[in-house]
Amino acid sequence: RSNTCFKALCCKGPPPPRPEYDLVCIGLTGSGKTSLLSQLCSENPENIVSTTGFSIKAVPFQNAVLNVKELGGADTIRKYWSRYYQGSQGVIFVLDSASSEDDLETARNELHSALQHPQLCTLPFLILANHQDKPAARSVQEIKKYFELEPLARGKRWILKPCSLDDMEAVKDSFTLLINLLEERELEPSRM
């Protein structure tokens, strides 16, 4: 503790600017992307409407600011997702753990194409298994198995975490893990 006091005495001046990272947030309609991001920005949850095109939110964390480009998850929009991938430094994929088998299969296919997409395949992924508070929610273990993440994402940096709007602390912790991966990636010599 004395160390931090010493630092505070010795380094007066404005705090260094927090690094900013550009992320893309994808997932099917109804998976809860907008609600999660709005809560992280402390916005009023009552005003949430489903994202039809895309929206950008600056999500502030203690050690970084995440500029999150959230893409609408409707069938008609998903085919254009890849147009918005350029410049992303990480990916947030939100899925509804309590969704129907059909939707889960669609989500799996979308996640697989994202993990293999040339503009995303080397990036860190935060996969959020949302709506864990619903009775029909599948466990993270079930989702990991169903989504075949182990073989597909081997060698990639991905985090799969359960989440729900009633435990935003856990959501923040998951984002902190993602920020750690983003920071690690910055420190690596670029693979050109």
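Because the structure is a prediction, the values reported are computed rather than measured. (Residues numbered from 1 in each chain as written. Predicted model: local features only at pLDDT ≥ 70, side-chain atom pairs only at ≥ 80, totals over all residues. Heavy atoms only, no water.)

Peer 1: Looking at this structure, how should I read the pattern of salt bridges?
Peer 2: Where charged atoms from two side chains of opposite charge approach closely, those side chains can pair. The full count for this structure, using the stated rule, is 5 salt bridges. The residue D75 makes a salt bridge to R78 at a minimum N-O spacing of 3.1 Å. Here D75 and its partner R78 are both found in helix α3 (residues 75-78), 3 residues apart, which amounts to about one turn of the helix. In this structure D75 comes out as exposed when scored by relative accessible area, which is 59%. Overall, the relative accessible area of 14% leaves R78 in the buried class. Here K172 and E169 are joined by a salt bridge, their closest N and O atoms 3.8 Å apart. With K172 and E169 both in helix α7 (residues 168-187), this residue pair falls 3 residues apart, about one helical turn. In this structure, a network of salt bridges that share partners links the residues D75, R78 and E110. (Salt bridge = Lys/Arg side-chain N within 4 Å of Asp/Glu carboxyl O. Helix = DSSP H or I, 4+ residues; strand = E, 2+ residues; numbered from the N terminus. Buried < 20%, exposed > 50% of the residue type's maximum accessible area, 1.4 Å probe, protein only.)

Peer 1: I'm lost on the nonpolar core in this one. Help?
Peer 2: When a protein is soluble and globular, its nonpolar side chains tend to lie buried together. The biggest cluster of nonpolar side chains holds 27 residues, and the ones touching the most others in it are I26, F125 and I127. For this core, the elements supplying multiple residues, two or more each, are β1 (20-26), β4 (90-96), α4 (101-116), β5 (125-130), α5 (140-146), α6 (149-152) and β6 (158-162). No other element matches α4, which puts 5 residues into this core. Once residues within four sequence positions are removed from consideration, I127 is found in contact with F93, L95, L111, L149, W158, I159, L160 and K161. Within the second largest apolar cluster, 24 residues are counted, among which are L23, F61, V94 and V171. (Core = buried A, V, L, I, M, F, W, Y, C linked by side-chain atoms within 4.5 Å. Contact = heavy atoms within 4.5 Å.)

Peer 1: Which parts of the structure should I look at to understand the confidence of the model for the chain?
Peer 2: Atom-level detail of predicted coordinates should not be read off regions where pLDDT is low. Across the chain, the average pLDDT comes to 89, with 90% of residues at 70 or higher. When pLDDT is averaged over each helix and strand of the chain, the minimum, 51, is found for helix α1 (residues 2-10) and the maximum, 98, for β4. (pLDDT = per-residue confidence, 0-100.)

Peer 1: Would you explain the sheet that holds β4 in this entry?
Peer 2: Picture the strands of a sheet paired through backbone hydrogen bonds; they go either parallel or antiparallel. The strand order across the open sheet formed by 6 strands is β2-β3-β1-β4-β5-β6, and the pairing between neighbours is mixed. Strand pairing shows two members of the sheet lacking a second neighbour, β2 (54-60) and β6, which therefore form its edges. With direction set aside, neighbouring strand axes in the sheet form an average angle of 20°. Taken together, the 6 bridges between β4 and β5 define a ladder with parallel strand orientation. Residue pairing in the sheet places V94 in a bridge with L128 of β5. (Pairing = 2+ DSSP bridges. Axes fitted to C-alpha atoms, helices over the stretch in contact; angles between N-to-C directions.)

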